[in-house]
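# Coordinates in review
Each chain, written out:
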Amino acid sequence: MEPTTLIRTKLHRPRVVSSLVERQRLVEKLNQGLERKLTLVAAPVGYGKSTLVAEWLETCERPGAWLSLDENDSDLLVFLNYFIAAVQSIFPEAGRETSALLQAPELPPSPVLTSMLINELDRIEQPFILALDDYHLVHDLAVHNLMDELLRHPPRTLHLVLISRLNPPLNLRRLRARGQMVEIRVQDLRFTAAETSAFVQKTMGAPVDHAKAALLQEKTEGWVTGLRLSILSLHGPEDLDQLSIKLPGERLATEYLFQEVCENQPQAIQECLLKTSILDRFCASLCETVCGAGPGSLQMGGQDFLNWLMQADLFTISLDDQRLWYRYHHLFQYLLRRQLHKGFDTDSIAQLHRSASAWFAQNDLIDEAIHHALAAGDTVGAAQLIEQNRHDTLDADRWYVLEKWLSELPGEIKQQRPELLLAQAWVSYFTFKLWAIPPIIESVELLLSDNATEESLRGEVDFFWGHHWFWQGQASRSQYLFQRALERIPRSYHQGRGEAELYWGMAGQMNGRKEMVIQALTNWLYYEQTPQAVRMTRLLGGLIFVHFLSGELIEAERVTQQLGNVATESDNTYIKIWSSYLRGYTHYFWNDLEKAAHYFEAAVNGRYFLQTRAAVDSLAGLTLTYQALGQPHKATATLAMFLEFAQETNDPAYVAIARSCQARLALLQGDQKSAVRWLRTNEQISGPDVMLFWLEIPRLTQCRVLIAQGSAGILQEAENKLDDYVLAAEATHNTRQLIDLLSLKALSYEKQGQTDQALAALQGAVTLAEADAWIRPFLELEPGMTSLLNELGQKGVAQDFITQIVAASPVSPPDVTVLDLGRQPEPLTDREMEVLALLARRYRDKEIAAELFISPATVRRHASNIYKKLQVSGRRQAVDKAIALGILPSSE
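Just so you know, the residues in each chain are numbered from 1, in the order the chain's sequence is written. Where totals are concerned, whole chains, interfaces and linings use all residues; where local detail is concerned, this predicted model gives features only for residues with pLDDT of at least 70, and gives and counts side-chain atom pairs only at 80 or more. Hydrogens are left out, water is left out, and the side-chain values use all remaining heavy atoms of the structure.

Before going further, it helps to examine the environment of Ala 65. Comment: elements are numbered from the N terminus, with helices defined as DSSP H or I runs of at least four residues and strands as E runs of at least two. By the element assignment, Ala 65 lies in strand E2 (residues 64-68). Sequence spacing of Ala 65 and His 494 is 429 residues, and the spatial spacing of their C-alpha atoms is 37 Å. Dropping the residues within four chain positions of it, Ala 65 is found in contact with Ala 86, Val 87, Ser 89, Ile 90, Ile 129, Leu 130 and Ala 131. Only heavy atoms enter the contact rule, under which two residues are in contact if any of them lie within 4.5 Å.

Time to look at the pairing of strand E1 (residues 38-42). Burial analysis of E1 places 5 of its 5 residues in the buried class, the great majority of the element. Burial classification: accessible surface area is computed with a 1.4 Å probe over protein chains only, and a residue below 20% of its type maximum counts as buried, one above 50% as exposed, and the rest as partly exposed. Here E1 shows two buried faces, one formed by Leu 38, Leu 40 and Ala 42 and the other by Thr 39 and Val 41. Criterion used throughout: strands pair if DSSP finds at least two bridges between them. Sheet topology note: the E1/strand E4 (residues 158-164) ladder contains 5 bridges and is parallel. Counted as the bridge partner of Leu 40 is Leu 162 from E4. Inspection of the sheet shows E1 paired to strand E5 (residues 181-184) by 4 bridges, in the parallel sense. Paired with Val 41 across the bridge in E5 is Ile 184.

On to the sheet that holds E1, then. Read across the sheet, 5 strands follow the order E2-E3-E4-E1-E5 without closing on themselves; strand pairing throughout is parallel. Only two strands of the sheet have a single neighbouring strand rather than two, namely E2 and E5. Across this sheet, the average inter-strand angle for adjacent strands is 15°, counted without regard to direction. Inspection of the sheet shows E2 paired to strand E3 (residues 128-133) by 5 bridges, in the parallel sense. In the strand pairing of E3, Ser 68 is matched with Asp 133. In the packing of helix H2 (residues 49-59) onto the sheet, the strands contacted are E1, E2, E3, E4 and E5, and the crossing angle to E4 comes to about 155°. All axes here are fitted lines through C-alpha atoms, helices being fitted over the stretch that makes contact, and every angle between N-to-C directions spans 0 to 180 degrees.

Right, here's the structure in full:
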């Protein structure tokens, strides 16, 4: 899938025509400039800039890529997509990381994009040329800044060619001073007398008197377009004398020559030329459609018209190797359009645009269809095109294309059409401007009627209100709305259903309906028709989140591995980075710190791909993991990166989370004063009502700092806060956060000398944590936790699990005996033993199902039970542990 809607013909350089005059002096200059980093070809329209570079690339030994720019490319996102696509036309694997980064929910800061692009280009070993044509059409300062940086730190093998009518706003002075650029200007591009003579002779197909050609060169000042118009205006070589006399010497009469050229053509050709001038590119079928619209009647087919253009060699440029798509030379198109507006009224021109829009829409070229609808003044038609294509665009995870379309519409029409407002709501959703959604949805509700045809729109409204109330902590209300959304959103809208199913699952879990939710998500994922890719990732994500909230790390890890496989198979960078974050999360709580660091590092390196809250949590996770590994310098450096990233978001909530993590790290590094200072400057700590499963939550860090202070009044304050949070977590069945909360309560009670209450709270935490080995929450609460754990273990509570925790503690005092009772896991059933034996023989699920005459779903259920009982996360680990425990013979 391409990152955005690309017009591939822009990546083809102009074809070199047979009548071209070889300009060896300029080709040699271009070749000499290859040792430098930039070639600038700058001159007004019509001097043959593009033709010269295209001719040179035809004969140059280095591979060359081409990009024809237009006004729409004056946007950093669009420009970079095309820039990378051009490079990939000769090096298909180049720029993949930058290209993927362009699909991030929010465009990363320019320095991040620039650095990644330069580094990726620098990995290309083979010297190559990239030509950017019509660079003068780019006005975005961000694009110019990127190009300046690219030329300031140029990749080793890249030679850049800029073709422009104007001096680009780049630091050319620096490049000249360093001898890093070669320039070809008007004085270089003017035809010499010899070149003029060769051009006239080639074009007219007959010998030409050199004196006459020299006079023509003098009159036209070597302007190649003037020369061509001059020749086209003649009926034969005998008219050359008259033309040389008529032409003004000071400047070519372009309008006069153009008029002469057009009047020499048949009426049908003149009509087609004028009508097709509205098109920035055209093919035979499109020409036939447009030429048949408006006043007059088509007297020739579209292919016949193209054949005539090619035969006449009339300022037409082929855009692809198949010779299907063409465009006019910019000056010729400009002159044709001026003539069109003189000869056609406004309504007739609008009809031409409407016909073009209809053709582009029928051929799924929606960008150009919208462009021509708006050019026709048909804002309603443009709006309908967006409405008809918004679901497909979102299903392809291309919300940024939808955002671009919406930006082209007048604000009034967007406020009048509920589907456009819903499209805007989805854009706000995917760019995390959640505060903007409720007012939009209120406007939608005012526009909706009781018409049954609007039922699917009401489903989207239900989703957005469900999403709003979910984050307000109203699980029942949100689940009801998500359920109603699923009843109304059509199955063909994969993105909408996927998001609704994901949140419906989390809301159901918060309502205490975990088993029902898991069964439903599993059925949708495995037993209905195979879901489309975007919906599949949401369903898998929903399962993972439900397992996390339920405290089921083993199941969460199993499903995350499936998500990673889907991401790898589909080459989806966004989901790959999500998988890294989720696996880092699991291994961190298992205290498998090396693996946690590996996965968190991958997530942090891809933080600009991630949803911002997950990126923030990845940075918190890596900071805490480095500290737990005994690498405080790395932890501090990661925290600095975290603070910088949070500032870049311009969101106070993310800055608050980074500052909270800073205080938490200060506690872990023994700097209680800094942590207390943070607490005193952030007394009113707020956050979303739903704590979900995040690693760093400021309200909990506040309690950590209060407990660390240890005075009676402050401990009571911490206890009161924790009581409220425990009630909220219990009400929403948030086992993941309850483990942390009860552990903190135990430590608070212990510091107050309330040992019985401390042991009771700790027993609650350990009981919740034992089945899936949540080790890390207890280790962070040293010193003080080990003695409590051993006392709890001596009472016969979770002795094997407590042994694991205490053994992993880096501060276990030497006089504390680590329990090692070697208790066996819960016995496996006969059927589970049969499944385990076949797993050991490396049978796949379908093969086990066939062997035991059960369904693959039943196999997966038995395997899941085995993993839970053995406290492992996969089949290989299950077999290894079963052999170690003597459950399976070592020969298996």
